[in-house]
Amino acid sequence: MFDVNKIREDFPILNRKVNGKPLVYLDNAATSQTPQQVIDVIVDYYQNYNANIHRGVHALSQEATDKYEEARIKIQKHFNAARAHEIIFTSGTTHSINIVANGFSSLIKNGDEVLVSAMEHHSNIVPWQMLCERTGGILKVIPMNREGELLMDEYDRLLSDKTKLVFCNHISNALGTINPIEEIIEKAHQVGAAVLIDGAQAAPHIVADMQALDVDFYTISAHKVCGPTGAGMLFGKEEWLNKLPPYQGGGEMIAEVTFEKTTYADLPHKFEAGTPNICGGIAFGAALDYMNSIGFDEIAKYEHELLEYASQKLLEIDKLKIYGTAKNKTSVISFNIDGAHPYDIGSILDKLGIAVRTGHHCAQPIMDFFKIPGTVRASFCFYNTKEEVDVLVEGIKRAKNMLL
């Protein structure tokens, strides 16, 4: 039984006040909040078994190593990866994408084409631009329509035997659109291209199955799924991870080092140079345990109710326009009030204790497409309530009256 009030008790931060008002936290697409169950795991690590991993024979090192590798297996099972060593611990989605982009520098040739969607986060644009600058590759863009949906006919037209890589987010952080990644992956594979899916925004809402998707690379950040910042995952098919060179050199990623030659460690350690964010990895696994204890089907159902309710209420406000009206979308609403700058609206809402995001949301090409400087973005999580939506609506009305 989904009980939002009981769930909210797990999140200490939801009890605080901002500017004397009860906090209404609606910036979940930037980062979710952390439940006490995960906080306890973090504290337990530093209080009881803080030690470096994989290298020590003493008890603390062994315990930390076991917990860290157990977390890797939890993540593997959650995403149904075929092998635990296909899960690479990273600092987050940006780090994960850069590992792949760096690795493909030796595989992309002059004139090869890489495709990205028009609704990507900057972290899934800039690394590929840098890759093309290094290699002579050509970056092409899958366009979208005014509803915030990819034009799949244009995608078909762009694909060719020159296409070597395709990059797309599973869910748009700016618009909430759920992209048809199954179709994108299948068609890319038909021309022999590899596919990387940015799953940062999808992970809190959807359990992506790596084997069913047959995706080559998939990335997420732990802080989007009630985990800590500075921790994330790169899933890569074993065959691809073996092809790519290491991203960084140092300890842990080596098999043998001499001044004449170095050989690299097997997966996953080949891509995990240096001392990792041990506590972050362990807490990442604990965060997935927490969300699975609630149930992703229940989470999706409840968040869809919030999305429907909030969309209806916001559209009742005169001069309010929502950007991103795809048929298939998740609980993100980007909007503007005609005649008011999004930053001004966000600032007034903050004074009322309401946390939203304003600006281009690291998706400036989307804003350029709509010819706007940015939006106000309210992004909802399973611990938000309809009562908080009502507070948001009243806050927007107040901001509108002050600004217009």
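Description of the structure in this document. Going along each chain's sequence as written, the residues are numbered from 1 onward. Where totals are concerned, whole chains, interfaces and linings use all residues; where local detail is concerned, this predicted model gives features only for residues with pLDDT of at least 70, and gives and counts side-chain atom pairs only at 80 or more. Computation of side-chain values: all heavy atoms of the structure, hydrogens and water removed.

Comments concerning the overall build of the protein chain
Part 1 of the reasoning: Each helix is a run of H or I in the DSSP string that is no shorter than four residues. Each strand is a run of E no shorter than two, and both are numbered from the N terminus. Per the secondary structure count, the protein chain includes 14 helices and 17 strands.
Part 2 of the reasoning: For the protein chain, the C-alpha radius of gyration of 22 Å lies close to 22 Å, the compact-globule estimate for 404 residues.
Part 3 of the reasoning: Here, two residues are considered to be in contact whenever any of their heavy atoms come within 4.5 Å of each other. By sequence separation, contacts in the protein chain at least 24 residues apart represent 71% of the contacts at least 6 residues apart.
Part 4 of the reasoning: Only the protein chains shown count as covering a residue, and every accessible area follows the Shrake-Rupley method with a 1.4 Å probe. Here the protein chain displays about 17,300 Å² of accessible surface, and carbon together with sulfur accounts for 50% of that area.
Part 5 of the reasoning: By the counting scheme adopted, Arg and Lys are positive, Glu and Asp are negative, and His together with the chain ends is not counted. In plain terms, the charge of a residue is placed at NZ if it is Lys, CZ if Arg, CG if Asp and CD if Glu. A distance of 5 Å separates the average location of the 38 positive side-chain charges in the protein chain from that of its 51 negative side-chain charges. What the globule rule says is 2.2 Å times the number of residues to the power 0.38, and the radius of gyration is computed from C-alpha atoms.

What to know about the environment of Ile75
Part 1 of the reasoning: Summarising the element assignment, Ile75 is placed in helix α3 (residues 59-78).
Part 2 of the reasoning: Setting aside residues no more than four positions away along its own chain, Ile75 makes contact with Ile87, Phe89, Met233, Phe284 and Leu288.

Remarks on the pairing of strand β5 (residues 113-117)
Part 1 of the reasoning: Extensive coverage of β5 is indicated by the burial of five of its five residues.
Part 2 of the reasoning: Burial status follows relative accessibility: with a 1.4 Å probe on protein chains alone, a residue under 20% of its type maximum counts as buried, one over 50% as exposed, and anything between as partly exposed. A two-sided burial pattern is seen for β5, the buried positions comprising Glu113, Leu115 and Ser117 on one face and Val114 and Val116 on the other.
Part 3 of the reasoning: Note on pairing: DSSP must find at least two bridges between two strands before they are called paired. Sheet topology note: the β5/strand β6 (residues 138-142) ladder contains five bridges and is parallel. Among the inter-strand pairings, Ser117 is bridged to a residue of β6, identified as Ile142.

What about the nonpolar core?
What tends to happen in soluble globular proteins is that the nonpolar side chains get buried as a cluster.
Part 1 of the reasoning: Within the largest apolar cluster, 104 residues are counted, with the highest numbers of intra-cluster contacts made by Tyr218, Phe382 and Leu392.
Part 2 of the reasoning: The element contributing the most residues to this core is helix α10 (residues 278-294), with eight residues.
Part 3 of the reasoning: If we ignore the near neighbours within four places in the chain, the residues touching Leu392 are Leu26, Leu314, Leu349, Ile354, Val356, Ala378 and Phe380.
Part 4 of the reasoning: Put simply, buried Ala, Val, Leu, Ile, Met, Phe, Trp, Tyr and Cys residues joined by side-chain atoms within 4.5 Å make one nonpolar core. Formed by 23 residues, the second largest nonpolar core is a distinct cluster that contains Ile88, Trp128, Leu131 and Leu165.

Some remarks on the sheet that holds β6
Part 1 of the reasoning: Strand order in this open sheet of seven strands is β4-β10-β9-β8-β7-β5-β6, and the pairing throughout is mixed. Edge positions in the open sheet fall to β4 (87-90) and β6, since each of these has one partner strand only. Neighbour to neighbour, the strand axes of the sheet diverge by 20 degrees on average, direction disregarded.
Part 2 of the reasoning: In terms of strand pairing, strand β9 (residues 217-221) meets strand β10 (residues 232-236) through five bridges, oriented antiparallel. Paired with Ile220 across the two strands is Met233, which belongs to β10.
Part 3 of the reasoning: Axis angles are defined between N-to-C directions and span 0 to 180 degrees, where every axis is a line fitted to C-alpha atoms and, for a helix, only to the segment in contact. Here helix α4 (residues 93-103) sits on the sheet and contacts β4, β8 (194-198), β9 and β10; the angle it forms with β9, its principal contact strand, is near 155 degrees.
Part 4 of the reasoning: Contacts from helix α5 (residues 126-135) reach β5, β6, β7 (163-169) and β8, with the element oriented near 150 degrees to β6.

Some words on the pattern of salt bridges
Part 1 of the reasoning: Only one rule defines a salt bridge in this text: a Lys or Arg side-chain nitrogen within 4 Å of an Asp or Glu carboxyl oxygen. Tallying each qualifying case throughout the model produces 15 salt bridges.
Part 2 of the reasoning: In this structure, Arg377 engages Asp27 in a salt bridge whose closest nitrogen and oxygen atoms are separated by 3.4 Å. Note that Arg377 is positioned in strand β17 (residues 375-379) and Asp27 in the loop between β3 (24-25) and α2 (36-48), a separation of 350 residues in sequence.
Part 3 of the reasoning: Residue Arg377 is classed as buried on the basis of its relative accessible area, which comes to 3%.
Part 4 of the reasoning: A relative accessible area of 9% places Asp27 in the buried class.

Things to note about the sheet that holds β17
Think of a sheet as strands paired side by side through backbone hydrogen bonds, with each pair either parallel or antiparallel.
Part 1 of the reasoning: Taken in spatial order, the four strands of this open sheet run β13-β14-β17-β16, and their pairing is antiparallel. Strands with a single pairing partner mark the edges of an open sheet, and in this sheet they are β13 (320-323) and β16 (357-359). Taking each pair of neighbouring strands and ignoring which way they run, the sheet shows an average axis angle of 30 degrees.
Part 2 of the reasoning: Where β13 lies against strand β14 (residues 332-337), four bridges are found, and the strand directions are antiparallel. Bridge assignment links Leu320 to a residue of β14, and that residue is Ile337.
Part 3 of the reasoning: Contacting β13 and β14, helix α11 (residues 296-315) runs over the sheet at an angle of about 5 degrees to β14.

Things to note about the packing of α4 against α5
Part 1 of the reasoning: One can describe the packing of α4 onto α5 by two numbers: an axis separation of 9 Å at closest approach and a directional angle of 15 degrees. If you check the angle between α4 and α5, you find them roughly parallel. Once α4 is placed against α5, the crossing between them reads as right-handed. From α4, Ile97, Asn98, Val100, Ala101 and Asn102 reach across to α5, where they touch Pro127, Trp128, Leu131 and Arg134. Any angle between 65 and 115 degrees counts as roughly perpendicular, while under 35 counts as roughly parallel, over 145 as roughly antiparallel, and the rest as oblique. Crossing handedness follows the turn of the near helix against the far one: under a right angle anticlockwise gives a left-handed crossing, and clockwise gives a right-handed one.

Observations regarding the side chain of Asn169
Part 1 of the reasoning: Inspection of the secondary structure puts Asn169 in strand β7.
Part 2 of the reasoning: Classification of Asn169 by relative accessible area gives buried; the value is 2%.
Part 3 of the reasoning: Separated by 2.8 Å, the side chains of Asn169 and Asn179 make a polar contact.
Part 4 of the reasoning: Here Asn169 is in contact with Met119, Glu120, His121, Asn124, Asn179, Ile181, Ile197 and Asp198, once residues within four sequence places are set aside. Think of a polar contact as two N or O atoms within 3.5 Å of one another; within protein, one of them needs to be a possible hydrogen donor and the other a possible acceptor, and neighboring residues in sequence only count if both atoms come from side chains.

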